[in-house]
Amino acid sequence: MKTSLSWDGEAVIAVDQRALPRDYRLLRLASVDELIDAIRSLAIRGAPAIGLAGALGVALSARWHGAMANEVTAEVTADASRLAHARPTAVNLEWGVRRALGRLHDGPDAVLTEALAMLEEDAATNRAASLRAADLVLSLTKRRPLRLLTHCNTGRLATAACGTALGAILELAERGCVAEVLVDETRPLLQGSRLTAWELGEAGVPYRICVDSAAASAMARGLVDCVLVGADRITANGDVANKIGTYGLAVAAAHHRIPFFVVAPESTWDRSLPEGSAILIEERDSAEVTHCAGTAVSPVDAGVYNPAFDVTPANLITATVSELRTVAR
Ligand code: MRU
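Residues numbered from 1 in each chain as written. Predicted model: local features only at pLDDT ≥ 70, side-chain atom pairs only at ≥ 80, totals over all residues. Heavy atoms only, no water.

**Considerations on the site of the ligand**
- Residues in close proximity to the ligand total 17 residues, the closest being Arg 45, Arg 87, Asp 232, Asn 242 and Lys 243.
- The separation between an oxygen atom of the ligand and a polar main-chain atom of Gly 46 is 3.1 Å.
- Arg 87 has a polar side-chain atom sitting 2.8 Å from an oxygen atom of the ligand.
- Where the shell around the ligand is concerned, the elements lending two or more residues are helix H2 (47-65) and strand S9 (240-243).
- Each of domain 1 (5-122) and domain 2 (136-328) contributes no fewer than three residues to the shell around the ligand. (Near = heavy atom within 4 Å. Polar contact = N/O pair within 3.5 Å; in protein donor to acceptor, adjacent residues only side chain to side chain. Helix = DSSP H or I, 4+ residues; strand = E, 2+ residues; numbered from the N terminus. Domains from an automatic or database assignment.)

Following this line, the structure appears as structure tokens:
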């Protein structure tokens, strides 16, 4: 399995997700500032991937500042805070940073060892959640092969291994159970058409891209047997923050009685928040909406509402699957 995130002994190596599918290029990120910039600009994106990048960022900082055993330096703690706040919605980022920082008292090598262990664990986590989700999908759907619908990108680019929802889709395809995947293009940054389509093509799984607003109509026309998505933060009551557009998909799926699955690691659960209304939703630059590949597609003075995520209430989700458990409605 080709990984989208690794460590070369001195720096973080990441696939530059901004350039795909046009260019496959690797970034070498040797400082915390470069890493924060990569996370903010979505060169590294997807909840698990930014959590792992955050952990590697703490390791970079600890090595840079030469933190000594039993000494927690103010500089590393400040860098950790900047990393944890690079993006607000995916709880995995805070989780990754906190876990790596927890080893600082044992020195920089211990921080790096922890971050690298997290990369390894992600592979096992992805695999377990994907198998569990694939089994569940097969037990709750009748038609074979299946027509699936997914949103955003939840594959190897969004994690350090096979992915979450896309990992389950690949597992279903491996079992010969997938006729087609409908891939929401995922406006405005096109993680579906740029990244998920690229991953499915790479894996040889049949897919078609649709504009986000075609998803409900595809369900109405009987083209979708089930929906699989990932998550950025799941609250104690099971509400799920994920890429903007997920909530609309869940409403449409419920209306058409189509099973709607969320696949996400345990690290995406935030039980400190009682419900989804407490989640801070990232609002991103207006240019993401007013421009397309650098070209203006709106009047110059257009106002813009650009939330990057929305919240799907637990009662619209058939089941939420992690590496450890299934929470069913
Ligand atoms: O803004 P992004 O591209 O980082 O948003 C990513 C998503 O919403 C994914 O669906 C989510 O992080 C799950 S990735 C396994």
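**Here we look at helix H4 (residues 91-101)**
- Residues of H4 that are buried include every one of Val 91, Asn 92, Leu 93, Gly 96, Val 97 and Ala 100, and no others.
- Structurally, H4 contributes buried residues whose contacts are with helix H1 (32-40), H2, helix H3 (74-84), helix H5 (108-140), strand S8 (233-235) and strand S11 (269-270). (Buried < 20%, exposed > 50% of the residue type's maximum accessible area, 1.4 Å probe, protein only. Contact = heavy atoms within 4.5 Å.)

**Let's talk about the environment of Ile 13**
- Here Ile 13 shows up in strand S2 (residues 12-15).
- Classification of Ile 13 by relative accessible area gives buried; the value is 17%.
- A C-alpha to C-alpha distance of 35 Å links Ile 13 and Leu 136, two positions 123 residues apart in sequence.

**A few points about unusual backbone geometry**
- Look at the link from Leu 20 to Pro 21: it is a cis peptide, with omega at 0°.
- Structurally, the position occupied by Pro 21 is in the loop between S2 and strand S3 (26-29).
- The omega angle of the peptide bond from Arg 187 to Pro 188 is 5°, so this bond is cis rather than trans.
- Mapped onto the elements, Pro 188 comes out in the loop between strand S5 (178-184) and helix H7 (191-203).
- We note that Cys 152 has phi near 60°; this positive angle belongs to a residue other than glycine.
- Summarising the element assignment, Cys 152 is placed in the loop between strand S4 (146-150) and helix H6 (165-174).
- Exposure remark for Cys 152: the relative accessible area of 6% places this residue in the buried category.
- The backbone of Leu 190 sits at a positive phi, close to 60°, despite the residue not being glycine.
- In this fold, Leu 190 is placed in the loop between S5 and H7.

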